[in-house]
Amino acid sequence: MKKVTLKDIAGHFGVSISTVSKAINDSHEISNDLKIKIQAYAKEKHYKPNRLALNLLNKNTKTIGVIVPNILNYFFVQVLYGIEKVANESGYNIISCISNESSAKETKTLEFFDAGTVDGVIMSLAEESQNEDTHEALIDVINNDIPVVLFDRVSENVQCDKVVVDDLEAGYKITKHLINIGCKNIAVVNPISSSSVGKLRLLGYKKALEELDIPFDPKLVINLTIKDDLDLLMSFLLNYKTIDGIIGIDELIAVQVLEVVKARGYNVPNDISIIGFTNGQLSKYVTPSLTMVSQHGKYIGEQTAKLLINRIKNPGLPYETKVVKTSLLVRDSTKKLQ
């Protein structure tokens, strides 16, 4: 069935397209009698307005573009939930895309958003993009007056609003916790070593060691890539020294480390205490339940959406960076304080 247009309705009533548009939008400029007739006819013919055309005409889409680097990380799921909640409350829809840590995919998505499809962009940088640290497509979006809020993984080279987690403090805090419960040889398994987040958490770890005059041993840090065999690298690590504490830099890796350690006959937490990042569902239901750092993903999502919507309405405001503190949720995978 042919889609009915404003032109078709105008021809039926012998009026202008502008009159039909005003009638459908309940404008006071059109007589009530004609307005009711046009609205009834439009409904009968299942007329649907061309939202894209209207958005281009009005120069707003009421849509926010969101790019996350990894949807398997529960933190980003929580952030998306927070963004969508605030966006919907404010009358915005979201288009969510995943870069899969690829700068090429991130660039392609930004070019799509730059074509007038969204009013603003919220994103966390892909690991490849942070390595390259050029961000041309992102800077083009900002230069075209499309507001951007970066969260979690950000760049100093991009001038925009930002919401960041205090990752250095988080790395410091959990290392101190492991030392306080008696751990002497604390290892780190880091699958995001090239990202700002992975680097800052490791810096926090080093800071805690330095403060207590514990020498940093690079052999206790596994910088895991997608090609690496975790089982093999964990075997080398566990044979190298008597490891009694392990920090997994994200939730999935913490769960995998826990399973490897248990499979090798170690008792968690009596032999080895394990702490991970991001308080997701996985960490609660493994045995033993994992002590985790909560980054308050939903709250971060809400803050990024509020910042962006405020920026859309008030483009002249100075840029703002919000810093969110983490919380340590102690569960069964770490020894109790003596």
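Look above for the structure.
Residues numbered from 1 in each chain as written. Predicted model: local features only at pLDDT ≥ 70, side-chain atom pairs only at ≥ 80, totals over all residues. Heavy atoms only, no water.

Draft legend 1. Structural view of the pattern of salt bridges. On inspection of all chains with the given rule, the structure shows 15 salt bridges. One salt bridge in this structure joins Lys35 and Asp26, with 3.5 Å as the shortest N-O distance. Across the pair Lys262 and Glu259 runs a salt bridge whose closest N-O atoms are separated by 3.6 Å. With Lys262 and Glu259 both in helix α12 (residues 251-263), this residue pair falls three residues apart, about one helical turn. Judged by relative accessible area, Glu259 falls into the partly exposed class, the value being 37%. (Salt bridge = Lys/Arg side-chain N within 4 Å of Asp/Glu carboxyl O. Helix = DSSP H or I, 4+ residues; strand = E, 2+ residues; numbered from the N terminus. Buried < 20%, exposed > 50% of the residue type's maximum accessible area, 1.4 Å probe, protein only.)

Draft legend 2. Expanded view of the packing of helix α1 (residues 6-13) against helix α2 (residues 17-24). α2 packs onto α1 with a crossing angle of 105 degrees between their chain directions and a minimal axis gap of 8 Å. Regarding the angle of α1 to α2, the classification is roughly perpendicular. Here Leu6, Lys7, Ile9 and Ala10 of α1 come into contact with α2, specifically with Ile17, Val20, Ser21 and Ile24. Tallied by class, the residues present in the contact of α1 with α2 amount to six nonpolar, one polar and one charged. (Axes fitted to C-alpha atoms, helices over the stretch in contact; angles between N-to-C directions. Parallel < 35°, antiparallel > 145°, perpendicular 65-115°, else oblique. Contact = heavy atoms within 4.5 Å. Nonpolar A, V, L, I, M, F, W, Y, C, P; charged D, E, K, R; others polar.)

Draft legend 3. Molecular detail of the layout of surface pockets. Considering only enclosed or pocket space, the largest pocket measures out at about 780 Å³ in volume. Contributing to the lining of the largest pocket are 28 residues, with Asn70, Glu101, Glu127, Pro191 and Ile226 lying nearest its centre. When contributions to the lining of the largest pocket are tallied by element, the ones reaching two or more residues are α5 (74-89), α7 (127-132) and α12. Examining the composition of the lining of the largest pocket, we find that four residues originate from one element, α12, more than from any other. Of the residues belonging to the lining of the largest pocket, the class tally is 12 nonpolar, eight polar and eight charged. (1 Å grid on protein atoms, 1.4 Å probe; cavity = no way out; pocket = protein on both sides within 12 Å on 5 of 7 lines; lining within 4 Å. Points joined across faces, edges and corners; volume = space filled by probe spheres on them.)

Draft legend 4. The arrangement of the sheet that holds strand β7 (residues 221-223) in detail. The strand order across the open sheet built from six strands is β7-β6-β8-β9-β10-β12, with neighbouring strands paired in mixed fashion. Strands with a single pairing partner mark the edges of an open sheet, and in this sheet they are β7 and β12 (327-329). Here the strands of the sheet are splayed against their neighbours by 15 degrees on average, with no regard to which way each runs. Two strands pair when backbone bridges link them, and strand β6 (residues 186-190) and strand β8 (residues 245-248) are joined in this way by four bridges, in the parallel orientation. (Pairing = 2+ DSSP bridges.)

Draft legend 5. Fine view of the nonpolar core. Ranked by internal contacts, the top residues of the largest apolar core, which has 43 residues, are Tyr205, Met234, Ile246, Ile247 and Ile274. With seven residues, the top contributor of residues to this core is α12. Once residues lying within four places of it in the same chain are set aside, the contact partners of Ile246 are Ala187, Val189, Met234, Val257, Val261, Ile272, Ser273, Ile274 and Ile275. Grouped together as the second largest cluster of nonpolar side chains are 23 residues, Val79, Ile83, Ile122 and Phe151 included. (Core = buried A, V, L, I, M, F, W, Y, C linked by side-chain atoms within 4.5 Å.)

Draft legend 6. Broad picture of helix α11 (residues 230-240). Turning to α11, its buried residues number three or more, namely Leu230, Met234, Ser235, Leu237 and Leu238. Looking down the long axis of α11, one finds its buried residues gathered within 170 degrees of arc, a one-sided arrangement. Exposed and oriented more than 90 degrees from the buried face of α11 are Phe236 and Asn239. For α11, the N-terminal capping position is held by Asp229, with its side-chain oxygen 3.0 Å away from the main-chain nitrogen of Asp231. (Arc of directions from axis to C-beta. Polar contact = N/O pair within 3.5 Å; in protein donor to acceptor, adjacent residues only side chain to side chain.)

Draft legend 7. Representation of the side chain of Ser155. With respect to the helices, strands and loops of the structure, Ser155 is situated in the loop between β4 (148-151) and β5 (161-165). Taking relative accessible area as the criterion, Ser155 reaches 3% and is therefore assigned buried. Among the polar contacts made by the side chain of Ser155, one reaches the main-chain amide nitrogen of Asn157 at a distance of 3.0 Å. Those residues in contact with Ser155 that sit more than four places away from it in its chain are Leu125, Asp133, His135, Leu150 and Lys162.

Draft legend 8. Here's a closer look at the pairing of strand β9 (residues 273-277). The element β9 is largely enclosed, with a buried count of five among its five residues. Of the two faces of β9, both are covered, the one formed by Ser273, Ile275 and Phe277 as well as the one formed by Ile274 and Gly276. As judged from the three bridges shared by β8 and β9, these two strands associate in the parallel manner. Bridging from a neighbouring strand, Ile246 pairs with Ile274 of β9. Where the polypeptide runs from β8 across α12 and back to β9, its parallel neighbour, the crossover connection is right-handed. As paired strands, β9 and strand β10 (residues 291-294) are joined by three bridges and run parallel to one another. (Right-handed = clockwise from strand over helix to strand, strands pointing away.)

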